[in-house]
Amino acid sequence: MEENKPLDIDPLMMEFLLDHYKHPHNYGELEPAEMSYEDGNPSCGDQIKISLNTKNGIVDEIKFKGKGCIVSQSAASILTDMVKGKKIEDIKTISREEMLENLIIPIGPMRLKCALLALKVLKRAIWGKQFDGDDEDE
Amino acid sequence: MEQLQLSQSEIEKIREDFPILNRKINDKQLIYLDNAATTQKPLSVIESMSEFLKKSNANIHRAIHILSYEATLAYENAHKIVAKFIGAKSFREIVFVRNATEALNLIAHSFGERFLTSSDEVVLTIMEHHSNIVPWLILRDKIGIKVKFIKTKEDGTLDYDEAEKLITKRTKLLGVIQASNVLGTVNNILRLRDLAKSVNAKFLVDGAQSLPHIPINVSDLGCDFFVASAHKMVGPTGIGFLYAKRELLEEMPPFLTGGDMIREVTVDGATWNELPFKFEAGTPAFTEAVGFAEAIKYLQNIKIERILNYEKTLEKYILEKLKTMSFIEFYGHQKGEHLALFSFNIKGVHPHDAASFLNSFGIAVRSGNHCAQPLMNHLKIENALRASFYFYNTNNEAEKLFSTLEEANKFFNR
Ligand SMILES: Cc1ncc(COP(=O)(O)O)c(C=O)c1O
């Protein structure tokens, strides 16, 4: 890895995520839920469950529950904000890059899996494994 | 008279042997505290391999030409250096493999299939690294042996009373980690050996974490198997060894098969090469063997006893400090001997976040389950940070770790 490039995360920038971590948006679980999915990263124990209900093809309610590091949990908080009120179809095209951009702070390669877990869980909740953009081709 | 401790000035000198310790991470001096995962390499080890490649590289055991002769000699000599280092009776008892993991697989496969049947039991400790668990579980599923685990007590030491109950005349092998890669606990292997011997069970010692720090003599110890990896003891990756008593190696069938491990092959079958080459199929990592030999010379030059003494002092120093840090939860280090290896958490902070924070200050620690999930489950820890020290680490580096942990705590837990 090159020197002087952020290898990981600048702790001062984590500040932004810390807020989401301590006061997560859309925290909880919908019961009953039209769609839900739960997954984790076995290597670090991050766990996220997302449940949602739709109305006329639009995300009406969405909640997440989970445990793990700041990056994974705040990403879930941010992602659920992002998609609330959005057309289900539009979620299909949310790219990994878009997810990372919405985290505001640069995420180093060692933490990508944490940052992208919520997006994968959301896509799986809606479509199964089809569009989760998981790291098969990495 | 030679000091039994390494002095600060010696440590400073030693640090100059390790080029990587000069590296800056985010403009901060690297503080490398992930030695249990792999250690750094001194220049002599790095150069021994490049010299070999520049001057003597050729495949071993295969040709008449001088390069092949030199390479063969260097490779066989590396076996002798390992044998001497661990007190084996002969280099024929040293089998080179890729790493400790491969050595453990070799034992489970070759010893297991030749000597064990469905009524037999293998006893392990709950502290084992996955590499000394999974091969036995696979063997269990294949031939129906029973695998039992000696657990740890509240204080992080093995429950030797339980061990006495678990080890019976059905026990054919007792496999133990000498030093835990999670808790740093150094197990009482003499006591465990006596238990194994009292029922005539074979005794296997996983020395991956102990051999880099603790003087070992396998003949005095009387173990039947001992395994370790070069990369955890200032040597290169890609090479490790299995020590086994000669009588056992004679009886055990080959693990991998093909070139170099046979005496004679006809279309009807084959006979095996002499020890240890019977177990070293294919072109081995002879360049790395040269580096491994140099690594052992490097450690012997300093003396393992002095490394151990220095690290004991470091361990006490760190432990005393950790006890005063109320925002830290650390595991083990309550009773008995320990390596300068600590697993801990900042209360309320996920270890990945803490490790990221430390990393941005140039401090390399490990976070995760450390390939020892059964132990982590038993201790009810999901994940932890681990700082593992080696003889080139200093009190100053430990201080820097403490102050950065305090910063991290202030940052995350405000
Ligand atoms: C106690 C123990 N045994 C075995 C191993 C496996 O070593 P390797 O990955 O070099 O095969 C390790 C590595 O972490 C270890 O700590």
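Residues numbered from 1 in each chain as written. Chains lettered and ligands numbered in written order. Predicted model: local features only at pLDDT ≥ 70, side-chain atom pairs only at ≥ 80, totals over all residues. Heavy atoms only, no water.

Quick word on the site of the ligand
Residue and element names in this part refer to chain B.
- Around the ligand sit 13 residues in total, of which Thr101, Asp206, Gln209, Ser229 and His231 are the nearest.
- At 2.7 Å from an oxygen atom of the ligand is found a side-chain nitrogen or oxygen belonging to histidine 231.
- In the model, an oxygen atom of the ligand is placed 2.7 Å from a nitrogen or oxygen of the lysine 232 side chain.
- Considered on its own, the ligand offers 390 Å² of accessible surface; in the complex 88% of this is hidden by protein. (Near = heavy atom within 4 Å. Polar contact = N/O pair within 3.5 Å; in protein donor to acceptor, adjacent residues only side chain to side chain. Areas by Shrake-Rupley, 256 points an atom, 1.4 Å probe, with all protein chains shown as cover.)

Let's talk about the domain arrangement of chain B
Residue and element names in this part refer to chain B.
- Looking at the assigned domains, one finds that chain B contains domain 1 (8–32 + 304–412) and domain 2 (47–300).
- Here the C-alpha centroids of domain 1 and domain 2 sit 28 Å apart.
- When the two sides are added together, the surface that domain 1 and domain 2 hide from each other amounts to roughly 2700 Å², 64% of it contributed by carbon and sulfur.
- Broken down residue by residue, the surface that domain 1 buries against domain 2 is led by Ile304, Leu339 and Leu375, which jointly contribute 24%.
- Summed over the shared surface of domain 1 and domain 2, the number is 13 residue pairs in polar contact (both at pLDDT 80 or more).
- Going through the elements one at a time, helix H11 (304–324), strand S14 (341–346) and helix H13 (373–379) are the ones with two or more residues in the side of domain 1 that touches domain 2.
- With 6 residues, H13 is the single largest residue contributor to the side of domain 1 that touches domain 2.
- For the side of domain 1 that touches domain 2, the residue count by class is 17 nonpolar, 8 polar and 6 charged. (Domains from an automatic or database assignment. Buried area = accessible area lost by both parts, 1.4 Å probe. Helix = DSSP H or I, 4+ residues; strand = E, 2+ residues; numbered from the N terminus. Nonpolar A, V, L, I, M, F, W, Y, C, P; charged D, E, K, R; others polar.)

A word on a nonpolar patch on the surface
- A surface patch of nonpolar side chains, about 390 Å² in accessible area, is lined by Ile66, Leu67, Tyr69 and Leu73 of chain B.
- Mapped onto the secondary structure, tyrosine 69 of chain B falls in helix H3 (residues 66–86). (Patch = residues over 30% accessible without salt bridge, like charges linked within 9 Å, V, L, I, M, F, W, Y side chains within 5 Å. Salt bridge = Lys/Arg side-chain N within 4 Å of Asp/Glu carboxyl O.)

Focus on the packing of helix H2 (residues 70–83) of chain A against helix H5 (residues 112–127) of chain A
Residues and elements named next belong to chain A.
- Close contact between H2 and H5 brings their axes to 7 Å; oriented N to C, the two are set at 45°. One element, H2, and the other, H5, form an angle in the oblique class. Like other packed secondary-structure pairs, H2 and H5 cross with a definite hand, here right-handed. Facing Val71, Ser72, Ala75, Ala76, Leu79 and Val83 of H2, the residues of H5 in contact are Cys114, Ala115, Ala118, Leu119 and Leu122.
- Taken together, the residues of the contact of H2 with H5 break down into 10 nonpolar, 1 polar and no charged. (Axes fitted to C-alpha atoms, helices over the stretch in contact; angles between N-to-C directions. Parallel < 35°, antiparallel > 145°, perpendicular 65-115°, else oblique. Left-handed = near helix turned anticlockwise from the far one by under 90°. Contact = heavy atoms within 4.5 Å.)

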